[in-house]
Amino acid sequence: MTANGWLQIGLFAAAIFLLTKPLGIFLVRVFERERTILDAVLRPIEKLIYRITGVDERKEMRWTEYGITMLLFSAVSMILLYLMERFQHWLPLNPQKLANVAPDLAWNTAASFTTNTNWQAYTPETTMSYLTQMAGLAYHNFASAAVGIALAIALIRGVSRHESKTIGNFWVDLTRCFLWVLLPVCLAGSLILISQGVVQNLRPYATAQLVEPQTVQSRGSDGKMVTQSVTQQVIALGPAASQEIIKMFGTNGGGFFNANSAHPYENPTPFSNFLEMVLIFAIPSALTYTLGRMTGSQRHGWAVWAAMAALFLVGVAATYWAEARGNPQLTGVSQVASALHSGGNMEGKEVRFGIASTALFATATTDASCGAVNGMHDSFTPLGGMVPLVNIMLGEVIFGGVGSGLYGMLVFVILAVFIAGLMVGRTPEYLGKKIEAFDVKMAMLSVLFSSLTILVFAAMAVVAKFGTSSISNPGPHGLSQILYAYTSSAGNNGSAFAGLNPNTLWYNTSTAFAMLLGRFFVVIPILAIAGNLAGKKAAPPSLGTFPVTGPLFSVLLVSTILIVGALTFFPALSLGPILEHLLMLAGKSF
């Protein structure tokens, strides 16, 4: 570990802190329908959209109507993406004449991008046409992010309102999120990325002549190894910048290129790398300030932010330490950072970014439900790879995805308040609302359903050949690969231990179901909580009311998150990365 590495982490944390309040205030103005600097341009467009679609912006919805509308919108969007993939060979903007996507892979990808997961069981450059990338995948990057933000705002309304039957209008929230939040930042941000060298064009792929021919071996159709001389390299191009910006700002994570943000055409410079990391946390962090402002308790919003920040700093420090420490099995090789070499475990790292930036990126992308990577998590040390895995297992509430991070954290807030009420022997209260049995049941259902999805699918995969045949490493690392796949899917993250081959009928089908269950079966109980809280009367605080605005509450909230995660996943972790770490110290690798 170096001073330069800690400086990078410190600058990132400072940037997120400074961005939280101004962006949080802007979000309040957008969703409370207050005037913003963009109204002169966007308000006429918004009214025109409502006139064309027949939406009455003054009409609000009950939580059931809000949820059904959201499900129907997501279902139709998913079907359209599936059809686009299945017929892309005959559609325009396909200069490489790429074939139609196979049914199981198209189903997996449609579920993936609809749920804001962006799990990619394919190589984008050789699978998806420009039209599919732009009109299909990039559109879902916007739509799934907007849905997540709308759901978080609906839950905040449920907390802030009293004796109300409604929590907002889904179509209005979705439209304002598109127009005021996502599109302006992405238009400006894509130009910044282009200035850094991110490609943006519709040209066919370029072909470069190699200075020195390369000899490669490949397996032929008959199973025999074939040796051939390669004299050319095909360089993939395309409209990458426009997808890259929403991929990060919407915490989507699906790369235009297979190497994702480790590819120089997606992430060419240290500045673009820093900007992309800041974009991951921008909206999730700002929503904590929005929570405080809309509920009338700004200190509560900062208490939630402090809990998230503490978990983030612990995670990035642990990852940085594990990767900088290196692999003890590399005897006779100095792994100490110096002016001559970076030291530590550089396997799977981009030399342009190094260990500190890779550890920071890996932590941020799994704290949020982003899934973009600038290094390969499969090549991390056992403990270094465990931190991203644990981040997702905890529910990605450490800032989390756009919207999903906040509503996931508010579930733990309800559980923490409930525990505090049990300890003092009083009815638990949260910002003037009595927390009753229905609220706790819905919160537990949301937490347990995600965990159950991960563990059931992973258990099925590790005991059957259709699951184990895809792993590239035996023993505990192979278990980690499978466990990470379903954790990433159910957590709507999308990153992977890339040693697993997921493009099989089993993994394409099962991970798609895990994504859908992890998104929508978690959201429905949360909307039920929002509707129930909105209808409650305000209760004045008393001597027995547990305050949710100070350090004590932040500590209780962090403890609740860690205890739930430890009790649920520790047995699986002990058989995977923890066992692998102990075996590594004993001289065995996988």
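A brief look at the structure comes next. (Residues numbered from 1 in each chain as written. Predicted model: local features only at pLDDT ≥ 70, side-chain atom pairs only at ≥ 80, totals over all residues. Heavy atoms only, no water.)

Helix and strand counts for the chain come out as 19 helices and four strands. Here the C-alpha atoms of the chain give a radius of gyration of 24 Å, agreeing with the 25 Å that 2.2 N^0.38 yields for 590 residues. Expressed along its principal axes, the backbone C-alpha trace of the chain runs to roughly 75 × 60 × 50 Å. Residue burial in the chain is summarised as follows: out of 590 residues, 57% are buried. In the chain, 78% of the contacts between residues at least 6 apart in sequence involve partners at least 24 apart. With an accessible surface of roughly 23,600 Å², the chain has 67% of that area assigned to carbon and sulfur atoms. Once the 34 positive and 28 negative side-chain charges of the chain are each reduced to a mean point, those two points are 7 Å apart. (Helix = DSSP H or I, 4+ residues; strand = E, 2+ residues; numbered from the N terminus. Rg over C-alpha atoms; globule rule 2.2 N^0.38 Å. Buried < 20%, exposed > 50% of the residue type's maximum accessible area, 1.4 Å probe, protein only. Contact = heavy atoms within 4.5 Å. Areas by Shrake-Rupley, 256 points an atom, 1.4 Å probe, with all protein chains shown as cover. Lys, Arg positive; Asp, Glu negative; His and termini not counted. Charge placed at Lys NZ, Arg CZ, Asp CG, Glu CD.)

Helix length check: helix α17 (residues 505-534) (30 residues) gives 44 Å between terminal C-alpha atoms against 44 Å at 1.5 Å per residue, within 8%. Within α17, 23 of the 30 residues are buried, which leaves it mostly tucked inside the rest of the structure. (Expected span 1.5 Å × (residues − 1).)

Counted according to the given criterion, the structure contains 14 salt bridges. Here Glu 46 makes a salt bridge to Arg 43, at a shortest N to O gap of 2.5 Å. With a gap of three residues between them, Glu 46 and Arg 43 both fall in helix α2 (residues 39-53), about one helical turn apart. On the basis of relative accessible area, Arg 43 is assigned to the partly exposed category, the value being 24%. (Salt bridge = Lys/Arg side-chain N within 4 Å of Asp/Glu carboxyl O.)

With the rule as written, the count across this model stands at four cavities of 30 Å³ or more. In this structure, the largest cavity encloses a volume near 390 Å³. Taken together, 29 residues line the largest cavity, and the ones lying closest to its centre are Gly 395, Glu 396, Gly 408, Ser 450 and Val 522. Of all the secondary structure elements, the ones that give two or more residues to the lining of the largest cavity are α12 (382-393), α13 (404-424), α14 (437-462), α17 and α18 (551-575). (1 Å grid on protein atoms, 1.4 Å probe; cavity = no way out; pocket = protein on both sides within 12 Å on 5 of 7 lines; lining within 4 Å. Points joined across faces, edges and corners; volume = space filled by probe spheres on them.)

Together, Val 76, Ile 79, Leu 80, Leu 83, Phe 87, Trp 90 and Leu 91 make up an exposed nonpolar region whose accessible area comes to about 720 Å². On the secondary structure map, Val 76 appears in helix α3 (residues 63-86). (Patch = residues over 30% accessible without salt bridge, like charges linked within 9 Å, V, L, I, M, F, W, Y side chains within 5 Å.)

Evaluation of the coordinates by the stated rule reveals 26 aromatic pairs. Ring geometry for Phe 170 against Trp 171: centres 5.3 Å apart, planes inclined by 70 degrees, an arrangement best described as edge-to-face. Residue Phe 170 is classed as buried on the basis of its relative accessible area, which comes to 0%. Here a set of aromatic residues connected by ring pairs shows up, and it is made of Phe 12, Phe 17, Phe 281, Tyr 289, Trp 302, Trp 305, Phe 312 and Phe 399. Over the ring of Trp 180 we find Arg 176; its NZ or CZ atom is 4.2 Å from the centre of that ring. (Phe/Tyr/Trp six-rings, centres within 6.5 Å; stacked < 30°, edge-to-face > 60°. Lys NZ or Arg CZ within 6 Å of the ring centre and 35° of its normal.)

Any link to function would need more than the numbers given here.
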